[in-house]
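One letter stands for each residue in the lines below.
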Amino acid sequence: MLTLKTEICKLFNIQYPVIQAGMAGGPTTVELVTAVSEAGGLGTLGAAYLAPEDLRKAIRQIKERTSQPFAVNIFSESSEDDYSRLAEVQQVLNPFRKELGIEEIPAAYNSPNWSRQQFEVCLELQVPIISTAFGCLPTEQAIMAKEQGIKLIAMATTVREAIQAEKAGVDAIVAQGSEAGGHRGTFSLEEHPMGALVGTMSLVPQITDAVKVPVIAAGGIADGRGLIASLALGAKGVQIGTRFLLATESGAHNAYKQAIAESTEESTVITKSFSGRPARGLRNRFITEFEKVGIAPLPFPSQNTATKDIRAAAAKQGNSEFMSLWAGQSTRMLENGQSAKEIIDSIIESAEALFKSE
């Protein structure tokens, strides 16, 4: 029999099996994380791009505002920079800079490598839960986290990745379907250059059959129907990202929120243009014009660093045509301007109504 009181609730000591995705780059503010956890879900701080001291400050603020569990999401490890083709990529990027009025272009770039320090901050401040993208924590770090009683979550986009994550000692696995917005957790881009593209409906039951740890469904889930469907497929909870981007507590730019609110299931594409790693987002001029030139972007994280000034200037000007508008495929179902509590309550109320209708 299906129930909303699942193993995930017990494992993470939360009221509802709803996890807010750890969306890095600013959307997951202290306010959003706190509000989700206070509403009975699991708030997640997307910390992958935070300097260690900024992460320390954010975790302390979350702990000051809530006694409820929360998670911190980081990359499993940092990728090495590769700027060997920088000159040709800059030729594509410079027209965007000219249009946005960017006059100073760095002579050299260096992507910050903070993964180890971020992990150490999580240990230092005894974060309840750490989730990772692009793989699992190194064995040594996983052991250290376990010794402190920290629970571990890894995101997987194939059954093989899920089995690998279970062997690495994670407490739960996010089965992340291709409908998910932003950068999904595919471990190896050598095998899957555009990320593994297995849909949520197919991926979740295959992963639940293959592992013993609880599975959390993700990708295109936005309401109580998605929660109930995920439980029916064998998941013990859901992870939701795009819907929380539109929450009043979200740090997403208003132009970004508006673009999502006006989009449909046909609006997103998977692109490497902004970051060098495949991510699902709303197609805009930047993606269309960069891809039209036919020059491959730099690998991640170098492309992400090289386009940072363009994204920042666009945000300052409220120009969504040059911002990275990460979003999943269920945007037509979303409502702009709800609080995180209203979102959680809506999901649970609709899920409970479906229970009663059976």
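Structural data are supplied above this passage.
Here is a short report on the structure shown in this document. (Residues numbered from 1 in each chain as written. Predicted model: local features only at pLDDT ≥ 70, side-chain atom pairs only at ≥ 80, totals over all residues. Heavy atoms only, no water.)

Quick look at the pattern of salt bridges
Phase 1 of the analysis: Under the counting rule described, the total for this entry stands at 15 salt bridges.
Phase 2 of the analysis: Among the ionic pairs, Arg65 bridges to Glu31, the shortest N-O distance being 3.3 Å. You can see Arg65 sitting in helix H3 (residues 52-65) and its partner Glu31 sitting in helix H2 (residues 30-38), a full 34 residues away along the chain.
Phase 3 of the analysis: With a relative accessible area of 46%, Arg65 lands in the partly exposed category.
Phase 4 of the analysis: Residue class for Glu31 comes out partly exposed when judged on its relative accessible area of 36%.
Phase 5 of the analysis: Lys341 is paired through a salt bridge with Asp345; the nearest N and O atoms lie 2.7 Å apart. In this pair, Lys341 and Asp345 both sit in helix H15 (residues 340-357), 4 residues apart, roughly one turn of the helix. (Salt bridge = Lys/Arg side-chain N within 4 Å of Asp/Glu carboxyl O. Helix = DSSP H or I, 4+ residues; strand = E, 2+ residues; numbered from the N terminus. Buried < 20%, exposed > 50% of the residue type's maximum accessible area, 1.4 Å probe, protein only.)

A word on the packing of aromatic side chains
Where two aromatic rings form a pair, the distance of their centres and the angle of their planes describe that pair.
Phase 1 of the analysis: Counted according to the given criterion, the structure contains 10 aromatic pairs.
Phase 2 of the analysis: When the ring of Phe286 is compared with that of Phe290, the centres are 5.9 Å apart and the planes differ by 20 degrees; the resulting orientation is stacked. Within this pair, Phe286 and its partner Phe290 are both found in helix H12 (residues 285-293), separated by 4 residues, close to a single helical turn. You'll find Phe286 and Phe290 in the same group, each marked buried.
Phase 3 of the analysis: Ring-pair connections join several aromatic residues into one group, and the members of that group are Phe96, Phe274, Phe286, Phe290, Phe322 and Trp326.
Phase 4 of the analysis: Arg277 extends its terminal NZ or CZ atom over the ring of Phe134, reaching a point 3.6 Å from the ring centre. (Phe/Tyr/Trp six-rings, centres within 6.5 Å; stacked < 30°, edge-to-face > 60°. Lys NZ or Arg CZ within 6 Å of the ring centre and 35° of its normal.)

Notes on the nonpolar core
Phase 1 of the analysis: In this structure, Val18, Leu45, Ile59, Val72 and Leu227 are the most contacted members of the largest nonpolar core, which totals 98 residues.
Phase 2 of the analysis: With residues up to four places along the chain from it excluded, the contact list for Leu227 reads Leu4, Pro17, Val18, Ile221, Val238, Ile347, Ile348 and Ala351.
Phase 3 of the analysis: Residues Ala48, Phe75, Ala133 and Met155 belong to the second largest nonpolar core, which totals 19 residues. (Core = buried A, V, L, I, M, F, W, Y, C linked by side-chain atoms within 4.5 Å. Contact = heavy atoms within 4.5 Å.)

Describing the sheet that holds strand S8 (residues 215-218)
Phase 1 of the analysis: Read from one edge of the open sheet, 8 strands run S1-S9-S8-S6-S5-S4-S3-S2, paired in parallel fashion. For this open sheet the edge positions go to strand S1 (18-20) and strand S2 (43-46), each flanked by a neighbour on one side alone. In this sheet, adjacent strand axes meet at a mean angle of 25 degrees when their direction is disregarded.
Phase 2 of the analysis: Where S2 lies against strand S3 (residues 70-75), 4 bridges are found, and the strand directions are parallel. When the bridges of S3 are listed, Gly46 appears paired with Asn73.
Phase 3 of the analysis: Where H2 meets the sheet, it contacts S1, S2 and S3, and its direction lies at approximately 160 degrees from that of S2. (Pairing = 2+ DSSP bridges. Axes fitted to C-alpha atoms, helices over the stretch in contact; angles between N-to-C directions.)

A look at the packing of helix H9 (residues 224-232) against H15
Phase 1 of the analysis: Interaxial distance between H9 and H15 falls to 7 Å at its minimum, and their mutual angle equals 60 degrees. Considering the angle they form, H9 stands oblique to H15. At the point where H9 passes H15, the crossing takes the right-handed sense. Along the contact surface, H9 presents Gly224, Arg225, Leu227 and Ile228, while H15 presents Ile347, Ile348, Ser350, Ala351, Leu354 and Phe355.
Phase 2 of the analysis: A per-class count over the contact of H9 with H15 returns 7 nonpolar, 2 polar and 1 charged. (Parallel < 35°, antiparallel > 145°, perpendicular 65-115°, else oblique. Left-handed = near helix turned anticlockwise from the far one by under 90°. Nonpolar A, V, L, I, M, F, W, Y, C, P; charged D, E, K, R; others polar.)

Some details on the environment of Leu32
Phase 1 of the analysis: Of note, Leu32 is situated in helix H2.
Phase 2 of the analysis: The class of Leu32 is buried, set by a relative accessible area of 0%.
Phase 3 of the analysis: C-alpha separation for the pair Leu32 and Gly101, spaced 69 residues apart in sequence, amounts to 33 Å.
Phase 4 of the analysis: Contact partners of Leu32, with chain neighbours within four places excluded, come to Gln20, Pro27, Phe244, Ala247, Glu249, Ser250 and Ala340.

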